[in-house]
Every structure is written in C-alpha cells, then in structure tokens.
Amino acid sequence: MFRYIIKRTLLALGIIFSISLITFLILNVLPGDPVAAMLGDFADANKIKEVRHNLGLDVPLWQQYFQWISNLLKGDFGNSYFQKKSVLFLILQAFQYTSFLAVLAYVIALIVGLSMGIIAAVNHGSLIDRSLMTLSVLGISAPSFWVAILLQIYIGLNFKIFPVSGVQTPIGYVLPAIALGTRYAASIARVTRASMMEVMGQDFIRTAYAKGLGSFRIVMVHILRNALIPIITIIGADIGSLLTGSMITENVFNIPGIGKLLIDAIGKRDIPLVQGGVIYVATVCVIVYFVVDILYAVVNPNIRLGASVE
Amino acid sequence: MTKTKLIQLDTLGRNISETKIQHSGYYYESFRIFRKNKVAMLSLFVIILMIFLAVAAPLVTGFDPDKQKLAERLLSPGVKGHIFGTDEFGRDIFTRCIYGCRVSLSVGIISQLIASVIGYLMGVTAGYFGKKADDIISFFIQVFSSIPFLLFAMALMYALGSGLMNLYLSLGLLSWANTARLIRGQVLTLKQQEYIQACIVNGGSSRRIIFKHLLPNCIPMLIITNTLGIPSAILTEASLSFLGLGVPSPTASWGSMISGAQTFIRTNTYYSLFPGLFIIVSVMAFNMLGDGLRDALDPKLHK
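Everything numeric here is computed off the predicted structure, so don't read it as measured data.

A. Inspection of the confidence of the model for chain B at higher detail. Residues with a pLDDT of 70 or more make up 88% of chain B, whose mean pLDDT is 84. Interface confidence for the predicted complex, expressed as ipTM, amounts to 0.83; the pTM equals 0.85.

What follows is the structure in structure tokens.
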C-alpha cells in the first residue's frame, strides 16, 4: 500500500508538472503582444520596451517558464495585468463561488439521480422506467448553458423568488445548481439503474426474498449497497468536468466564479491571470483524481496489488 | 469421379441440399445486426438528414444566414415566412440553425478523425513496441486524460484564435487519449496471436504489421470510440461558441445563437429554444448511433 501511494504521488507530480509545461506553451507561443494591448494603440516603442522589461517578458521563453514555475512553488502566481491585484488572491476569491456551486450541483445530482435510478430499476420494463430513462437521455444530451437559460425563462421569470442573475442571497444558487447538476443526475440515474439490475439477478437477493425480508429493506440495504461501487467510480471522473461546467453556468447566471474571471481575463489578454487560473483548476482536478484513486485502492485490493491495472 | 448427389438434412430433417450457403463477411454481419436495431437506424437516419441539411442548406431555405435586416428584427415564429422567427439582427433563426449544422457536424466529425489518427498511432506505438515507448506514451495518455477538457479547449482557442480550423485542431489534439488507451490494450492482445507472430517470423516489417495487420483489426474499435466522441465534441464546440471562443461572429453556430438569445429571454422566449433543440437532437443521435454500432460490431454477439 505504501509503495502504491509513493508511486501514485510521483505520477501525480509528473502530471502536474507536464500540465504546467503544456499550459505555459499554449499561452506563451501565441501571436499578439499583451503589452501592446495593455498600453493601447498610442504607446511609443520605448514605453513598450520598458514595460516588457518590468514584466520579465524580454528574456528567453525557457527562462520565463522557470521563473514562473519557481514563483508558483513559492505560492506567487504573479499579478494581474489589469486588475492590479495578486492572481492567487483573485483566483481563491473566485474559486469559493465555483466550488460551492459545483458541490451543491453534485449533491442535487446525487439525490435526484440515485432516486431516479432506483425507481427505474425496481420498476424495470414498465412505463415509469421507460419515461425516466428517456428523460435521462435528454438530460445527458442537453448543454448545461441551455438548461440554464430555460430555467431562467420558465422558472426564474415566472417565480420571482429565484433570481436569474447574481448570488447576493443563497437562494440565487438554486437555479445554477439545477442547471449544472442535470447532466450528472442523468448519468448517475443510468449507472445506478444498470448496476442495480445486475445485482438484482444474483442469488443472495433471491435468498433474501426467500427468507421473507421486506422488499424495501432488500432494495435499500442489500441491492443498493452492492450496486454503489460502480456509482462511486464515476464520481471521481465527474469532478473535472463539474468544475469546468460550473465555469459556463457562472457566465449565464453572472456569478463571480473562476469561469467569469477566466473569460474576462481571456477577453483582455491578461496572461498571468489566464495562466494562473488554468493551472490552478487543472491542479485541483489532478489532486482530486489522486485522492479518489488512493481511496479506491484502500477499498479494492485488486488495484493496489496491480492486478487490474490494464 | 461420378457425380453423386448427397441429400443434406438439417436437424429438423428438412432437405437443405438446394439451399445456397451464404458466406458473409464481418462487416456484412455487423450491418445485418445493426439493421435490426430500430433506435440506431432512426439515429442514423437523423444524422444523414442533418448532413443533407448541412450540405444543401442554400436549397432548403431561401434566406441568407448572415444578411442583416434590421426592419425585421426579433419577429415571433411564423411571422413573414420565418418559421422560427428572427434574431436581433433580423436574420432567420431556422436558416441559421440549418447553417449551424455545418459547424457542429464538421467539428464533431473532423476533430474525432484527427483524434483517431493520433490515438491510433500513439496506441499502436505503445502497444506494439512496448518498453520505453510504452512508458512514455502511457504517461502522456495519463496526462491528457487528467486535463480538464473544456478548460484546455478554452486555452487553446484563446491561443490559436477563433475559427473552424482551430476548433478541429484543438478538440482533436485534446481527445486522442481515450482512443490511444483502448488501442494500446487491443494491440497488446492482438500481438500475442499466431498470425502476428507468423508475420514477424516471416520477416514482416513493423510498418507492414502496424498498417496491414493491426489496423484492420482496430478499425471497429476506432469507429465505436470516435462515434461516441462526436457528441462531446459537439457539446464542447457549443460551449466554446457560447463563450465567444468558437467560430467568429457572423458565422451561424448553435452555441453562439444561444449566447445571443440570452439577452432576449424576457421578450423572445423561443429564440434560445430552437438552437438548443438542434444540439440535443444531434447529440442524442450520435450517442445512440454509437451504442448501436458498439452492439453491432462486437464479434462476440455475431451468430
């Protein structure tokens, strides 16, 4: 187990390092001069040169990369070109909104998805099952920003208690969380149904019925508990797309999260902010995958002994 | 040799001497199974219809997708021959939805073709040569599957600038990892089989084995994974265009149409509805086509 954790830690560090390199390359080998954009059309050449020097943009690319990475390791993400604040401060401030929205959306998705899946599996083959599964296919196919706009139109504008923009009150999170969670609720419902159906066919369930246990107890305790393993597996994989999906929903509902911050920064070509935001979100995702992997290994000895790596 | 006519009987005792024995290939068998799958056939029909609409867009609708007519802005559906109404610049929404098929379908299909090529080459190199090549490529596969897809698509589009070509490229470059992982696994199994061993013994070059012997056996898997990759490419394109990072402004794209509709949710509720329906239908169709193909192309299910 200890060896597995060491191996997995090294891999995670390698992945984060590679991602930082990819991010830096993508964002710095681009055409267009950020300094010229920053100073406007009327800046003279000397001024541009001076600002470039002050920002450390006149040294070779590899030096810029090492400068950036060593600053990152010290917790210094640089300063935003336009907002004149520390990038890390802006990111941490915005990330609170993003992560809260993502967690809320996933909690809603779990509750709705699990109940849909259980109801469909218990009534499999019936009209209820078919309509729930059709609903889940629709949920998987609909883009979250479109669901968000539909919610604004049909719920936000009709019921005044749900604001269509901003999160001044906690109730402002409700519609964004539903919009973001729909997709995940739908996929959780499908996985839950499939995995419950598989467990239902097994002998120990028949035994449970045979010894006269109530069907509610059998479904909730015996079947669901054994069906949960594949469901837990998809949670880890969902987190990366949940954070980036949250970034889009924020834009629709005007929530000052990472997504809004990044889109604004992209519009203004504020490279330190874009770079910092991308590397921050990517690192959070890698760390989450890492933690989830370790948890699987704790639960499932096959993985840590290398039996089912392929 | 004298001709003797054997009478062949099947297990039920019926005479089958005259029955012609049909020899059919793998793809014919797959097609036979696929044809029985009603949902998959319907999705295939929807996709062909959309491709037809995309190609023959000028014949399907009489309006110009990009021409602004400010006198006819924000009309309701059905007014003055505009089936879905008009947008804030007086452009016909139905026409723009149809032209939007071009962007979405081409992004979905071409980006996945790029991903197949990269994924196959990476997967086959890792699986066939093994050792150091496998270690390095497997590491890259890990890196690219941990990258948040939409976030890096945003970063790439920011760096490359908006445009169709850049969409194909950035989505293709980001989505090869899954294909590579599956191909690598497949090649590891195929490599153990006798016909590949025989080819090595006979002195077949690596290039010959990779393209002549391994590729045909990986094609079904490439078809399945990339059909199932198209929906997520379409959704990502829509999201990017929604954020203003997809195709540049006058070109019609479902995502950018929804973004434009956002301002008018109070007055023109239908505006955002139609492009969204197009996204849902195309994503659903490709998903179900992919599922159907997976069932049809799995040799274990062939009888």
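Having seen it, we continue.
B. Seen up close, the nonpolar core. Ranked by size, the top nonpolar core spans 146 residues in total, and within it A:A148, A:V274, A:A282, B:A153, B:M154 and B:A155 carry the most contacts. At 14 residues, the largest contribution of residues to this core is made by helix α5 (residues 87-122) of chain A. When sequence neighbours within four positions are dropped, the list of residues in contact with A:A282 reads A:I19, B:I147, B:P148 and B:L151.

C. Molecular detail of the environment of B:D66. Residue and element names in this part refer to chain B. If you trace the backbone, D66 turns up in the loop between α3 (57-60) and α4 (93-129). With 14 C-beta atoms packed within 10 Å, D66 lands in the partly exposed category. In this structure the C-alpha to C-alpha distance between D66 and P250, which are 184 residues apart in sequence, comes to 6.0 Å. When sequence neighbours within four positions are dropped, the list of residues in contact with D66 reads R91 and P250.

D. Structural detail: the interface of chain A and chain B. At the interface, 37 residues of chain A touch 32 residues of chain B. Breaking the side of chain A that touches chain B down by element, the ones donating at least two residues are α1 (2-28), α6 (127-141), α7 (144-156), α10 (215-253), α11 (258-268) and α12 (271-299) of chain A. In terms of residue count, the dominant contributor to the side of chain A that touches chain B is α1(A) (eight residues). Here the side of chain A that touches chain B is built from residues that sort into 27 nonpolar, nine polar and one charged.

E. Region of the structure containing the packing of α4(B) against helix α5 (residues 131-146) of chain B. All names here are of chain B. Direction vectors running N to C along α4 and α5 enclose 140 degrees, while the axes themselves pass 7 Å from each other. Of the possible angle classes, the one that applies to α4 and α5 is oblique. Crossing of α4 over α5 shows left-handed handedness. Side by side, α4 and α5 meet where M122, T125, A126 and F129 of the first sit next to K131, A133, D134, I137 and S138 of the second.

F. Region of interest: the packing of helix α6 (residues 149-160) of chain B against helix α10 (residues 206-242) of chain B. Residues and elements named next belong to chain B. Where α6 contacts α10, the two axes come as close as 11 Å, and the packing angle between them is 55 degrees. Relative to α10, the element α6 is oriented oblique. Two packed elements cross with a definite hand, and for α6 against α10 that hand is right-handed. Note on element contacts: α10 touches α6 through T236, S239 and L240, opposite F149, L150, A153, M154 and M157. Its residues assigned to classes, the contact of α6 with α10 comprises six nonpolar, two polar and no charged.

G. Broad picture of the domain arrangement of chain A. Residue and element names in this part refer to chain A. The domain architecture assigned to chain A consists of domain 1 (2-73) and domain 2 (88-309). The partner domain 2 presents 14 residues to the 13 residues of domain 1 that form the contact. Counting only elements with at least two residues in the side of domain 1 that touches domain 2, the list comes to α1 and α2 (34-39). Counting residues per element, the side of domain 1 that touches domain 2 draws most heavily on α1, which supplies 10 residues. Class assignment of the residues belonging to the side of domain 1 that touches domain 2 gives a composition of nine nonpolar, three polar and one charged.

Parameters at a glance
Residues numbered from 1 in each chain as written. Chains lettered and ligands numbered in written order. Predicted model: local features only at pLDDT ≥ 70, side-chain atom pairs only at ≥ 80, totals over all residues. pLDDT = per-residue confidence, 0-100. Core = buried A, V, L, I, M, F, W, Y, C linked by C-beta atoms within 7 Å. Buried ≥ 20, exposed ≤ 12 C-beta atoms within 10 Å, placed from the backbone. Helix = DSSP H or I, 4+ residues; strand = E, 2+ residues; numbered from the N terminus. Contact = placed C-beta atoms within 7 Å. Nonpolar A, V, L, I, M, F, W, Y, C, P; charged D, E, K, R; others polar. Axes fitted to C-alpha atoms, helices over the stretch in contact; angles between N-to-C directions. Parallel < 35°, antiparallel > 145°, perpendicular 65-115°, else oblique. Left-handed = near helix turned anticlockwise from the far one by under 90°. Domains from an automatic or database assignment.

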